[in-house]
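Read off the chains here:
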Amino acid sequence: MFFKRKIIIKDDPVLLAKEAAEIFVASAKRSVEKRGRFAVAISGGSTPRRMHKMLAREPYIQNIPWGKTHIFWVDERCVPQDSHESNYGRAKRDFINEVPISQKQIHRITCESSPQMSVKEYQKILSDFFSFEGTRVPRFDLIYLGMGADGHIASLFLGQKTLYEKEKLVVAVKGGDPNVNRISMTLPLLNQARHIVFLITGQEKARTVQTVLEDRSIRLPVQRIRPLNGQLTWLMDRGAAALLSGDLHHDNIKG
Ligand code: 6PG
């Protein structure tokens, strides 16, 4: 299996957010044209917020087919939705409440019950939505991922067995910052996406970005993102790309 890797470096986080929003618009239009709907999974953390807020403003808001857009989450912290740590709560406040999308198109991870119950609920949401596709593993049109300075992605952390899960699509995890119960998509689900975009900003991630892109001997969670027959875009600002040698290029990588 091959996947295409693209590296885009923008001068600052605002230009990065604009590029990410343009990718959202283009993917939404293409997915609706080809499949009649757009299935996108978004991440938490701080990096995506600027892009999320842009989606609710001109020129992006009127260029997105909101009536056929379905929003899912890559992961969720098991905290109340009005907590500033809630990925769903933050996305609602940042853009979902401001755009013409119905609640039935918002497929959140509910975490109020037990983590195991939450896993079952989210797995059912995924299988119900993607049931018509007939594929065992749902194939998202677009997934945005952040990366921690420790190389984690989603809520999949180095050394935890959930990182190496090969069958389940959704798992319960305890860890991260905040160190709480979390529900996360797994690598088999993430790597089925047609297009995965890493949103990475800030000097504090430059060392990890350099290690991951230039030293293939290291095996961090982020390096396990290898979309089967898909596209992987590293969208970074100059801070995060500061230590790269500069001879990186777009290429096709054997998955
Ligand atoms: C989460 C995120 C997590 C995040 C990274 C980067 O719910 O915590 O999914 O994986 O994307 O920790 O976070 P920042 O964008 O805040 O650096």
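Coordinates for the structure precede this section.
Analysis parameters
- Residues numbered from 1 in each chain as written.
- Predicted model: local features only at pLDDT ≥ 70, side-chain atom pairs only at ≥ 80, totals over all residues.
- Heavy atoms only, no water.
- Disulfide = S-S within 2.5 Å.
- Helix = DSSP H or I, 4+ residues; strand = E, 2+ residues; numbered from the N terminus.
- Buried < 20%, exposed > 50% of the residue type's maximum accessible area, 1.4 Å probe, protein only.
- Near = heavy atom within 4 Å.
- Polar contact = N/O pair within 3.5 Å; in protein donor to acceptor, adjacent residues only side chain to side chain.
- Salt bridge = Lys/Arg side-chain N within 4 Å of Asp/Glu carboxyl O.

## Here's the deal with the state of the cysteines
For step 1, the next point in the chain: What the rule picks out here adds up to 1 disulfide.
For step 2, the next point in the chain: A sulfur-sulfur separation of 1.9 Å characterises the disulfide bridge that pairs Cys-78 with Cys-111. Residue Cys-78 is found in the loop between strand E4 (75-77) and helix H3 (87-94), and its partner Cys-111 is found in the loop between strand E5 (106-107) and helix H4 (115-130); the two are separated by 33 residues along the sequence.
For step 3, the next point in the chain: According to the relative accessible area criterion, Cys-78 is partly exposed, its value standing at 23%.
For step 4, the next point in the chain: You can call Cys-111 buried: its relative accessible area is 9%.

## Let's talk about the site of the ligand
For step 1, the next point in the chain: Around the ligand sit 14 residues, and of these Ser-46, Thr-47, Asp-75, Ala-154 and Lys-205 come closest.
For step 2, the next point in the chain: The separation between an oxygen atom of the ligand and a polar main-chain atom of Ala-154 is 2.6 Å.
For step 3, the next point in the chain: Between the ligand and the protein, one listed contact pairs an oxygen atom with a side-chain N or O atom of Arg-182 at 3.4 Å.

## Considering the pattern of salt bridges
For step 1, the next point in the chain: The full count for this structure, using the stated rule, is 8 salt bridges.
For step 2, the next point in the chain: A salt bridge links Asp-11 to Arg-238, with the nearest nitrogen and oxygen atoms 2.7 Å apart. With Asp-11 in the loop between strand E1 (2-10) and helix H1 (13-35) and Arg-238 in the loop between strand E10 (231-237) and strand E11 (251-254), this pair connects stretches of sequence that are 227 residues apart.
For step 3, the next point in the chain: The exposure class assigned to Arg-238 is partly exposed, which follows from its relative accessible area of 47%.
For step 4, the next point in the chain: With a closest N to O distance of 3.0 Å, Arg-194 and Asp-141 form a salt bridge. In this pair, Arg-194 sits in the loop between helix H5 (187-190) and strand E9 (195-200) while Asp-141 sits in the loop between H4 and strand E6 (142-145), placing the two residues 53 residues apart along the sequence.
For step 5, the next point in the chain: Given the relative accessible area of 22%, Arg-194 is considered partly exposed.
For step 6, the next point in the chain: Each of Arg-35, Arg-37, Asp-141 and Arg-194 takes part in one network of salt bridges that share partners.

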